Amino acid sequence: MPETKKFLYVNRKAPYGTIYALESLEVVLIGAAFEQDVSLAFLDDGVYQITKGQNTKDIGMKNFSPTYKALGDYDVNKIYVEQESLDARGLTLDDLLPLTWEDEDDDWAEKESIKVISAAEMAKIMEQSDVVFSF
Amino acid sequence: MKFSVMISEGPYTHQASDTAYNFTKAALEDGHECFRIFFYHDGVNNGTRLASPPQDDRNIINRWSALAKEYKLDLVLCVAAAQRRGIADADEAKRNGKNADNIASGFRISGLGQLIEAGIQSDRLITFGD
Amino acid sequence: MSQLHTVNKSPLERNTLESAITHAVKGNALLMIEDGVYGAMRDTHKSDIVSDAMDDISFYVMGPDLKARGIDETRIIDGIKIVDYSGFVALVAKHDATQSWL
């Protein structure tokens, strides 16, 4: 087996209108078992995937947004959200789901998974990835 | 060099499967190796043997089957995506209580782990989608 | 590390070309495929985003997709290189990773 690779999941599409966001999340959850170095990127309309207050009752689809909160339990805790994408949509960090993880090396302290970064910083993260999944 | 390919759209509606085919064929002809072709989302619809396109059109499904035979390609349909969209082999049909299967020759159904493994084992992974 | 970015949508319909260019770093390559080849045309309202990025990014366009759409090579922005499928494969092999802007 090769050494650990840097996997980046790029999320650029809004949920519900198409299935990409849901099926992308399914890959992330399965992929977590493979112990690679995993990061998630949310940019463009992808930021809509992790907004608070989603209620799909009246469209008859499953609300999968609570699943993002479980990512921390799968050791998926590098979640990068692009500032420019939030700004363009009139959103702030307060509009996003609180995503956290527990650091076992720090007495299980609860820490934030989301890092809001600039497009230039996002470009660097993409550049440093070995495998880029986009759906 | 060892490639893997992910295809996220079905045949005909999007050009994704055509481009993926032309890319894969060129890669193989140039002497590269193909570790796996993974079909996800509507891409699993590339694996039904029940498609009957007009005579004067390309047969996208048969084309994949033929390429798989020639180069011993591993064509994998994601099981979760295939179940949602009604693509089944004999085992899947039986498991889900269906009275027919429709998987095309050269394809197999397996889990998402196969995609992750392709990412780990291949030198390059490239995605074709919408 | 050096990346190849692929774009398959017209820049007049979606923002993928713009987003890919924003996130490509100096020395990266960008290949326009399928409907993405419309992004290689000169004199469109989006031509400047390509011309302005040319110092940092190498641009390529799929010849078979241009031909299929009746786009003559003379209408392509200067400096964009035309490749075939084998050239596409070579670009993927040459760069450490490929990111598809879907």
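That block above? That's the structure.
Residues numbered from 1 in each chain as written. Chains lettered and ligands numbered in written order. Predicted model: local features only at pLDDT ≥ 70, side-chain atom pairs only at ≥ 80, totals over all residues. Heavy atoms only, no water.

### Structural notes on the environment of N11 of chain A
All names here are of chain A. Counted only if it meets this: Helix numbers and strand numbers start at the N terminus; a helix is a DSSP run of H or I with at least 4 residues, a strand a run of E with at least 2. Note on contacts: a residue pair qualifies if any of its non-hydrogen atoms lie within 4.5 Å across the two residues. Under the rule applied, a polar contact is a pair of N or O atoms within 3.5 Å (in protein, one hydrogen donor and one hydrogen acceptor; residues adjacent in sequence only if both atoms are side-chain atoms).
With respect to the helices and strands, N11 occurs in strand β1 (residues 6-11). In the structure, N11 is positioned 30 residues away from A41 in sequence and 5.9 Å away in space, judged by C-alpha atoms. Residues contacting N11, with those up to four places away along its chain left out, are S24, L40, A41, F42, L43, G46 and Q49. There is a polar contact of 3.1 Å between the side chain of N11 and the side chain of S24.

### Quick word on the pattern of salt bridges
Residue and element names in this part refer to chain B. Short version of the rule: Put simply, a salt bridge is a Lys or Arg side-chain nitrogen that is within 4 Å of an Asp or Glu carboxyl oxygen. Buried, partly exposed and exposed residues are distinguished by accessible area as a fraction of the type maximum, computed with a 1.4 Å probe on protein chains only: under 20%, between the cut-offs, and over 50%, respectively.
In the structure shown here, the tally under the stated rule is 25 salt bridges over all chains. In this structure, R36 engages D74 in a salt bridge whose closest nitrogen and oxygen atoms are separated by 2.9 Å. Here R36 is found in strand β2 (residues 33-39), whereas its partner D74 is found in the loop between α2 (60-71) and β3 (75-78), with 38 residues between them in sequence. Its relative accessible area of 6% is what places R36 among the buried residues. The exposure class of D74 is buried, given its relative accessible area of 18%. Its salt-bridge partner being R49, residue D101 comes within 3.0 Å of it at the nearest N-O pair.

### Quick notes on helix α1 (residues 16-29) of chain B
All names here are of chain B. This is how it is decided: Expected helix span is taken as 1.5 Å per residue step, with the number of steps being one fewer than the number of residues.
Here α1 contains 14 residues, and its C-alpha end-to-end distance of 20 Å stays within 8% of the 20 Å for a straight helix at 1.5 Å per residue. The buried fraction of α1 amounts to 11 of the 14 residues, a majority that puts the element mostly inside the structure. Of the residues trailing α1, G31 is marked for its positive phi of about 90 degrees.

### Topic: empty space enclosed by the protein
Going by this rule: Using a grid of 1 Å spacing that covers the protein atoms alone, one calls a set of points a cavity when a 1.4 Å probe fits there but cannot get out, and a pocket when the set is open and has protein on both sides within 12 Å along at least five of seven lines; lining residues are those with an atom within 4 Å of a point. Grid points are joined across faces, edges and corners, and a volume is the space filled by probe spheres set on the points. Each residue gets one label: Ala, Val, Leu, Ile, Met, Phe, Trp, Tyr, Cys and Pro are nonpolar, Asp, Glu, Lys and Arg are charged, and the others, such as Gly, are polar.
Taken as a whole and judged by the stated rule, the model has four cavities of 30 Å³ or more. By volume, the largest cavity is sized at about 50 Å³. Every residue lining the largest cavity is listed: T127, F128 and G129 of chain B together with T6, N8, I33, E34, S100, W101 and L102 of chain C. Breaking the lining of the largest cavity down by element, the ones donating at least two residues are β5 (124-128) of chain B together with β5 (97-101) of chain C. One number sums up the size of the second largest cavity: a volume of about 40 Å³. If you go around the second largest cavity, the residues you meet are V10, R12, S134 and F135 of chain A together with S100, W101 and L102 of chain C. For the lining of the second largest cavity, the residue count by class is four nonpolar, two polar and one charged.

### Observations regarding the interface of chain A and chain B
Quick reminder of the rule: Once two parts are joined, some of their accessible surface, as seen by a 1.4 Å probe, is lost; buried area is that loss totalled over both.
With 21 residues of chain A at the interface, the matching set in chain B holds 19 residues. With both chains or domains summed, chain A and chain B bury close to 1,700 Å², and 62% of this area falls on carbon and sulfur atoms. Three residues stand out in chain A for area buried against chain B, namely Y20, E23 and F34 of chain A, and they jointly supply 28% of the buried area on that side. Summed over the shared surface of chain A and chain B, the result is three salt bridges. For the salt bridge of E23 of chain A with R85 of chain B, the shortest nitrogen-to-oxygen distance reads 3.0 Å. In this structure, the connection of chain A to chain B is made through nine residue pairs in polar contact (both at pLDDT 80 or more). Of all elements in the fold, only β1, α1 (20-31) and β7 (131-134) of chain A reach the threshold of two or more residues within the side of chain A that touches chain B. Among the elements that line the side of chain A that touches chain B, the one with the most residues is α1 of chain A, at eight residues. Residue composition of the side of chain A that touches chain B, grouped by class: 13 nonpolar, four polar and four charged.

### Considering the side chain of S134 of chain A
Within the secondary structure, S134 of chain A sits in strand β7. Of the residues examined, S134 of chain A reaches a relative accessible area of 4% and is grouped as buried. Within the structure, the side chain of S134 of chain A is placed 2.8 Å from the backbone oxygen of S100 of chain C, a separation counted as a polar contact. Among all residues touching S134 of chain A, those that are not within four sequence positions of it are V10 of chain A, M6 and T127 of chain B together with S100 and L102 of chain C.

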